[in-house]
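Spelled out, the chains give:
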Amino acid sequence: PISVNDETGQIFVDTPVGEVELKAMPDTIVQKALASDELESVEDVALESDEGLKYVVTGTKSENLFGVFRLQIPSVLVFDAQTGAFVQTQQDFVTRVLDLFSF
């Protein structure tokens, strides 16, 4: 659940560890994800609170496999919801291999 402080306009999210202030908005996170070299299109943005409050952005990027075949490689980026900072990229083994041989 999300709550807004009427006096300050601060947004809080109820998590298992208590209320956490949400300082980065989803539209800002999408802009950061698209500005990175990791995503060309965003498919979904989710707010998760399993290991701290974070945005999980899923999308794709276009690459040429061996410089010939055009591929859409799926990517998942994780951003800290309190600071808006990039945390990590999550890719499975097959995606990492495809990304390694693509440019």
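Before going into details, it helps to say that this report is about the structure given with it. (Residues numbered from 1 in each chain as written. Predicted model: local features only at pLDDT ≥ 70, side-chain atom pairs only at ≥ 80, totals over all residues. Heavy atoms only, no water.)

Re the overall build of the protein
Thought 1: The number of helices and strands found in the protein is two helices and seven strands.
Thought 2: Element order for the protein, N to C, with α for helix and β for strand: β-β-β-α-β-β-β-β-α.
Thought 3: Taken over the C-alpha trace, the protein has a radius of gyration of 16 Å; the compact-globule value for 103 residues is 13 Å, which it surpasses by more than 25%.
Thought 4: Its C-alpha atoms put the protein at 55 × 25 × 20 Å along the principal axes.
Thought 5: Considering the protein as a whole, with its 103 residues, one finds that 30% of them fall into the buried category.
Thought 6: Pairs at least 24 apart in sequence give 37% of the contacts found in the protein among residues at least 6 apart.
Thought 7: The positive charge centre, built from 6 side chains, and the negative charge centre, built from 18, are 8 Å apart in the protein. (Helix = DSSP H or I, 4+ residues; strand = E, 2+ residues; numbered from the N terminus. Rg over C-alpha atoms; globule rule 2.2 N^0.38 Å. Buried < 20%, exposed > 50% of the residue type's maximum accessible area, 1.4 Å probe, protein only. Contact = heavy atoms within 4.5 Å. Lys, Arg positive; Asp, Glu negative; His and termini not counted. Charge placed at Lys NZ, Arg CZ, Asp CG, Glu CD.)

Some thoughts on the environment of Asn5
Thought 1: Relative to the helices and strands, Asn5 resides in the loop between strand 1 (2-4) and strand 2 (11-15).
Thought 2: In terms of polar contacts, Asn5 uses its side chain to reach the backbone amide nitrogen of Glu7, at 2.9 Å. (Polar contact = N/O pair within 3.5 Å; in protein donor to acceptor, adjacent residues only side chain to side chain.)

Examining the side chain of Thr15
Thought 1: Of note, Thr15 is situated in strand 2.
Thought 2: A polar contact of 2.6 Å, which involves the side chain of Thr15, links it to the backbone oxygen of Gly18.
Thought 3: Apart from the residues within four sequence positions on either side, Thr15 is in contact with Val20, Ser49 and Leu53.

All we've got here are geometric facts, nothing functional implied.
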